[in-house]
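Geometric and topological summary
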Amino acid sequence: MDQPPAARSEDSFAAWAGAAAIAVAIGGVVYSAAFLGGVVLEMNPELGILVASAALMIGGLLSTVVLVALYQRVGGGPWALIGLAFALMGALGGIVHGGYDLAIALNPPTADPITESGLPSPVDPRGLLTFGLAGLGLLILAICARSRGALSPSVAWFGIALGVLLILVYLGRLVILTPTSPLVAVPAGLAGVIVGPFFYFALGLELRRR
């Protein structure tokens, strides 16, 4: 028996969201390698910030599709909606932050008073959106998915772990500031290189199997 148009549309969206989630997983590794290697370790700061900014902006765009699909998978509800709202604000922060840094990297200004004065980014202070709200939103959505059985237990737990790590990255950048500090670098490395890519890749596979 043929599916109704609405069901076919949801299945098609879930398939696209699954592909987007896999792309986000790959982009997360690219961002982490470019930022940690190129910028933090100063192997090639100019190229590092260029690649990291583009990856952050594109990843934010793609993650909006993934987050909406995850919300649909959870089945809605007030807590899931709050999680989606926070996570989408985090994605928007990533888009704006990445776009801001990309604009500067492509056309460097003659002076950058914000960086020179040590002030936080006016569009995403210390990663409030890209790490803090993104992590909080994902944490809520992953907990909802775990409690409702919307995702396999392992994927849901990795989502919870990723949410916690992103919040820790934000708190580290807020209090410690130094990106090479183990209290900042360790959770950032785990989130960007291991937990984040695994979660989004596995989530992508689950969404495509809908």
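A short tour of the structure in this document, coming up. Everything numeric here is computed off the predicted structure, so don't read it as measured data.

1. Quick look at the side chain of E206
With respect to the helices and strands, the residue E206 is situated in helix α7 (residues 182–208). Under the relative-accessibility criterion, E206 is labelled buried at 8%. A polar atom in the side chain of E206 sits 2.5 Å from the side chain of S152. Apart from residues lying up to four places away in sequence, E206 is in contact with R73, A150, L151, S152 and V155.

2. So, the packing of helix α3 (residues 78–106) against helix α5 (residues 128–148)
The axes of two packed helices give the description: the angle between them and the distance between them. Put simply, α3 and α5 touch, their axes get as near as 7 Å, and they point 150° apart. Considering the angle they form, α3 stands roughly antiparallel to α5. The way α3 lies across α5 gives a crossing that is left-handed. Seen from α3, the contacting residues are W79, A80, I82, G83, L84, F86, A87, M89, G90, G93, G94 and H97; seen from α5, they are L129, T130, L133, A134, L136, G137, L138, I140, L141 and C144. Counted by class, the contact of α3 with α5 contains 15 nonpolar, 7 polar and no charged residues.

3. What about the packing of aromatic side chains?
Scanning the model with the defined rule gives 3 aromatic pairs in all. Between Y31 and F35, the aromatic rings sit 5.8 Å apart at their centres with planes inclined by 5°, giving stacked as the arrangement. Here the residue Y31 and the residue F35 both occupy positions in helix α1 (residues 5–40), the gap between them amounting to 4 residues, near one helical turn. Assessed through its relative accessible area of 23%, F35 is described here as partly exposed. With a centroid separation of 4.3 Å and 45° between ring planes, the pair formed by F158 and F198 is classed as tilted. Of this pair, F158 sits in helix α6 (residues 153–175) while F198 sits in helix α7; the two residues are 40 residues apart in sequence, bridging distant segments of the chain.

4. Considerations on a nonpolar patch on the surface
On the surface, V164, L168, L171, L174, V175, I176 and L183 cluster together into a nonpolar patch covering about 600 Å² of accessible area. Sort the elements by how many residues they give to the nonpolar patch and α6 lands first, with 5 residues. As for its position among the elements, L174 is in helix α6.

5. Focus on α7
End to end, α7 covers 37 Å across 27 residues, agreeing with the expected 39 Å (1.5 Å per residue, within 8%). Along its length, α7 reaches its greatest deviation from straightness, about 45°, at A191.

6. Things to note about the nonpolar core
One finds L162, Y200 and L203 to be the most contacted residues of the largest nonpolar core, which totals 41 residues. Looking at this core, the elements that each hand over two or more residues are α1, α2 (45–74), α3, α5, α6 and α7. Here this core takes 8 residues from α2, the largest share from any one element. Residues in contact with L203, not counting those within four places in the same chain, are V66, L70, L151 and V155.

7. Points about the environment of D101
Within the element layout of this structure, D101 appears in helix α3. Sequence spacing of D101 and L166 is 65 residues, and the spatial spacing of their C-alpha atoms is 20 Å. If sequence neighbours within four positions are ignored, D101 has contacts with I49 and S53.

8. Details of α2
In this model, α2 (30 residues) spans 40 Å end to end at C-alpha, consistent with the 44 Å of a helix rising 1.5 Å per residue. Along α2, the sharpest change in direction is near 25° and occurs at S63. G75 sits one or two residues past α2 and shows a positive phi near 100°.

Conventions adopted
- Residue positions within a chain follow its written sequence, with the count starting from 1.
- Only residues with pLDDT of at least 70 are given local features in this predicted model, and only at 80 or more are side-chain atom pairs given and counted; all residues enter the totals for whole chains, interfaces and linings.
- Note that water and hydrogens are dropped before the side-chain values are worked out from all heavy atoms of the structure.
- For the purposes of this entry, the term helix denotes a DSSP run of H or I that reaches at least four residues, the term strand denotes a run of E that reaches at least two, and both are numbered from the N terminus.
- Burial classes: relative accessible area under 20% of the type maximum marks a residue as buried, over 50% as exposed, and values in between as partly exposed (1.4 Å probe, protein chains only).
- A 3.5 Å cut-off defines polar contacts: any pair of N or O atoms within that distance qualifies, except that in protein one atom must be a possible hydrogen donor and the other a possible acceptor, and neighbouring residues in sequence count only when both atoms are side-chain atoms.
- Contact criterion: two residues are considered in contact whenever any of their non-hydrogen atoms come within 4.5 Å of each other.
- To get an axis, a line is fitted to the C-alpha atoms, and for a helix only the part in contact is used. The angle between two axes follows their N-to-C directions and goes from 0 to 180 degrees.
- Relative orientations are named as follows: roughly parallel for angles under 35 degrees, roughly antiparallel for angles over 145 degrees, roughly perpendicular for angles from 65 to 115 degrees, and oblique for any other angle.
- In a left-handed crossing the near helix is turned counterclockwise from the far helix by less than a right angle, and in a right-handed crossing that turn is clockwise.
- Classes in brief: Ala, Val, Leu, Ile, Met, Phe, Trp, Tyr, Cys and Pro nonpolar; Asp, Glu, Lys and Arg charged; the others, Gly included, polar.
- Each Phe, Tyr or Trp ring, with Trp reduced to its six-membered ring, pairs with another whose centre is within 6.5 Å; inter-plane angles below 30 degrees give stacked pairs, above 60 give edge-to-face pairs, and intermediate values give tilted ones.
- Only residues above 30% relative accessible area that lack a salt bridge enter a patch, with like-charged residues linked at up to 9 Å and the nonpolar side chains Val, Leu, Ile, Met, Phe, Trp and Tyr linked at up to 5 Å.
- Method for areas: the Shrake-Rupley scheme with a 1.4 Å probe, in which residue coverage is limited to the protein chains shown.
- Between Lys or Arg on one side and Asp or Glu on the other, a salt bridge is scored when a side-chain nitrogen of the former is within 4 Å of a carboxyl oxygen of the latter.
- The length a helix should cover is 1.5 Å for every residue beyond the first.
- Bending is quantified residue by residue as the angle between axes fitted to the seven-residue window ending at that residue and the seven-residue window starting at it.
- Take the buried Ala, Val, Leu, Ile, Met, Phe, Trp, Tyr and Cys residues and link them wherever side-chain atoms come within 4.5 Å; each set so joined is a nonpolar core.

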